[in-house]
Amino acid sequence: MKLDHSFAEELTALASEVKPNKLINSHLVAFNQELATELGLPTEWQEETELFNTLYTQEGLLNRRTVAQKYGGHQFGHWNPELGDGRGLLLAEAIDKQKQRWDLHLKGAGPTPYSRFADGRAVLRSTIREYLASEALFYLGIPTSRALCLITSDEPVYREKQERAAKMIRVCQSHLRFGHFEYFYHSKQPQKLQSLFDYCFKYHFTECAKAESPYLALLEKIVQDTAKLIAKWQAFGFNHGVMNTDNMSIHGITFDYGPYAFLDDFEPTFICNHSDPQGRYSFDSQPGVGLWNLNALAQSFTPYLEIEQIKQALSTYEGILLKEYSTLMHHKLGLVPSAANSETHAQIINVWLDMLAAEKKDYSVTFRQLCQFDILDDNQNLRDQFINRERFDDWAKQYALALSKQGIRQTQRQTQMRHHNPHIMLRNYLAQQVIDRAEEGNFEMFHQFIAALKKPYEEIEEYQKFSAPPPDWGKQLEISCSS
Ligand code: AMP
Ligand code: MG
């Protein structure tokens, strides 16, 4: 394993050295061995004492050059130049066997120059939520930061009530955000903006660097990756909740988890963030917000590109997102796309979604039930889920016809559909149960849920309890934004 500190060494204007400090009665309660192996990290790190020595002692490998990053961001549409890692530290970059670079970032590390009036801490509740989400999205195939470990403590922190501080190490290609570029652009520091771009080309976007117009290639790549990411969120029913530009990764991955939710009932206008009464970041606003954010980022490209080039790059967003979304929806409904059937299929998909929305059906459960659809049968079980049976019957006729034209064996199609419609979902009510137990020191359910989330498409007896839609209390959970 090789560790590097390119960000800390080369982007000094964005890096403030801060050392992590240990919390009262700290314990390592989860270590993601699979991820550690993929990255080629030392196996000893799974031992608490080893990991803590690495993190907290002067000679520790993860203690040598730890920095908080400076950035800005558009928060709810308003530019804020005052942001940065207020409670996170970049520990090091691990370089794996394929020479891919991975940031190791400690969240909940303590105050930094960017903490403003906050305490630099993360609570156990939000740390567990981030850990669960990173694993859940990863195993669903949605690009995301990952969770390497979870550390608990008895250090009190004060949110709406007293809670306990926790930490996690998260891993992703880099923590470069839209807000890093915007910060240099809006603070009128063209040379530093240039050095940030140079850094990106050197370490992360080497392919773009080789293009005829590297800046255009980079913008196009970010547009494309963001569009594909958000298409996946929409297809799996994921609501991020705080799509400020400081929470947008230039790698097109999901990160900075807050009051996120996977939809239970299919309500397209669902808002997971209770601090967002206007619904700026509601579920169905996400594709539009993605483009808004890319527009904000694109400002930073104006010293390098003509306006027409920027417009051209941004104009590809909608098409890429819709194409990806349509592909995912075809998979979910077991439909095989072709030019000849595209309109019919689009209609089948749209009417199905309208039916789910009109009757607020549970998004993942109903899709999973659809995997059973039999073109030779009246599909009584599925039909009974809907109050408007006439509408269901009309739709089912069209759907059965479309499926029968494909000439794929029923069982084969059903099996394929089960690989695109998860049985186990990260639901807020389950996350809450995990948190309630963890706050009492019991991590058994946490570990079991993680194991279940690794196999979201399988029906395993032991994990059946994680497949149920929420009881009524579980639908009304208010997820606090103060994390
Ligand atoms: P978020 O909404 O979590 O992305 O955070 C927005 C900004 O607030 C970032 O600059 C964070 O680093 C900072 N922040 C959030 N919570 C805390 C905290 N408890 N202490 C210090 N800074 C924080
Ligand atoms: Mg953030």
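It should be noted that the structure appears before, not after, this text.
Here's a quick rundown of the structure.

Procedures and definitions
Residues numbered from 1 in each chain as written. Chains lettered and ligands numbered in written order. Predicted model: local features only at pLDDT ≥ 70, side-chain atom pairs only at ≥ 80, totals over all residues. Heavy atoms only, no water. Helix = DSSP H or I, 4+ residues; strand = E, 2+ residues; numbered from the N terminus. Buried < 20%, exposed > 50% of the residue type's maximum accessible area, 1.4 Å probe, protein only. Pairing = 2+ DSSP bridges. Contact = heavy atoms within 4.5 Å. Disulfide = S-S within 2.5 Å. 1 Å grid on protein atoms, 1.4 Å probe; cavity = no way out; pocket = protein on both sides within 12 Å on 5 of 7 lines; lining within 4 Å. Points joined across faces, edges and corners; volume = space filled by probe spheres on them. Near = heavy atom within 4 Å. Polar contact = N/O pair within 3.5 Å; in protein donor to acceptor, adjacent residues only side chain to side chain. Areas by Shrake-Rupley, 256 points an atom, 1.4 Å probe, with all protein chains shown as cover. Phe/Tyr/Trp six-rings, centres within 6.5 Å; stacked < 30°, edge-to-face > 60°.

### Focus on unusual backbone geometry
Line of reasoning, step 1. One non-glycine residue, Asn25, adopts positive backbone phi at about 50°.
Line of reasoning, step 2. Within the secondary structure layout, Asn25 lies in the loop between strand 2 (15-17) and strand 3 (27-31).
Line of reasoning, step 3. A positive phi is found at Asn379, a non-glycine position, where the angle reads about 50°.
Line of reasoning, step 4. Topologically, Asn379 is positioned in the loop between helix 12 (363-370) and helix 13 (380-383).

### A few points about the pairing of strand 8 (residues 101-107)
Line of reasoning, step 1. In terms of burial, strand 8 is a largely internal element, seven of the seven residues being buried.
Line of reasoning, step 2. Neither face of strand 8 is exposed, since Arg101, Asp103, His105 and Lys107 on one face and Trp102, Leu104 and Leu106 on the opposite face are all buried.
Line of reasoning, step 3. Pairing of strand 7 (residues 88-95) with strand 8 involves seven bridges; the strand directions are antiparallel. For Glu93, the partnering residue across the bridge sits in strand 8 and is Asp103.

### Brief notes about the environment of Gln433
Line of reasoning, step 1. Here Gln433 lies in helix 16 (residues 428-439).
Line of reasoning, step 2. Taking the C-alpha atoms as reference points, Gln433 and Gly474, separated by 41 residues in sequence, lie 9.7 Å from one another.
Line of reasoning, step 3. The residues contacting Gln433, other than those within four sequence positions of it, are Met445 and Trp473.

### Some thoughts on the state of the cysteines
Line of reasoning, step 1. Here the structure, examined in full by the defined rule, presents zero disulfides.
Line of reasoning, step 2. As a non-bridged cysteine, Cys172 has Cys200 as the owner of its nearest cysteine sulfur, 13 Å distant.
Line of reasoning, step 3. With no disulfide partner, Cys200 has as its closest neighbouring cysteine sulfur the one in Cys208, 9.4 Å distant.
Line of reasoning, step 4. Assessed through its relative accessible area of 0%, Cys200 is described here as buried.

### Overview of the layout of surface pockets
Line of reasoning, step 1. Looking at the largest pocket, its volume works out to about 780 Å³.
Line of reasoning, step 2. Arg87, Arg116, Asp246, Asp256 and Ser483 are, among the 32 residues lining the largest pocket, the residues nearest its centre.

### With respect to the site of ligand 1
Line of reasoning, step 1. The environment of ligand 1 is made up of 15 residues, and the closest members are Gly84, Gly86, Asp119, Gly120 and Asn247.
Line of reasoning, step 2. Take Gly84: an N or O atom from its main chain is 2.6 Å from an oxygen atom of ligand 1.
Line of reasoning, step 3. For ligand 1, a nitrogen atom lies 3.3 Å from a polar atom in the side chain of Arg87.
Line of reasoning, step 4. Across the complex, the protein chains shield 79% of the 480 Å² of accessible surface that ligand 1 would expose by itself.

### Quick notes on the packing of aromatic side chains
Line of reasoning, step 1. In total, this model carries 33 aromatic pairs according to the counting rule given.
Line of reasoning, step 2. An angle of 25° between the planes, with centres 5.9 Å apart, marks the rings of Phe238 and Tyr260 as stacked. Here Phe238 is found in strand 12 (residues 238-239), whereas its partner Tyr260 is found in the loop between strand 12 and strand 13 (261-262), with 22 residues between them in sequence. The burial state of Phe238 is the same as that of Tyr260; both residues are buried.
Line of reasoning, step 3. When the ring of Phe373 is compared with that of Trp395, the centres are 6.3 Å apart and the planes differ by 75°; the resulting orientation is edge-to-face. Of the two residues, Phe373 is situated in the loop between helix 12 and helix 13 and Trp395 in helix 14 (residues 389-406); the sequence distance between them amounts to 22 residues.

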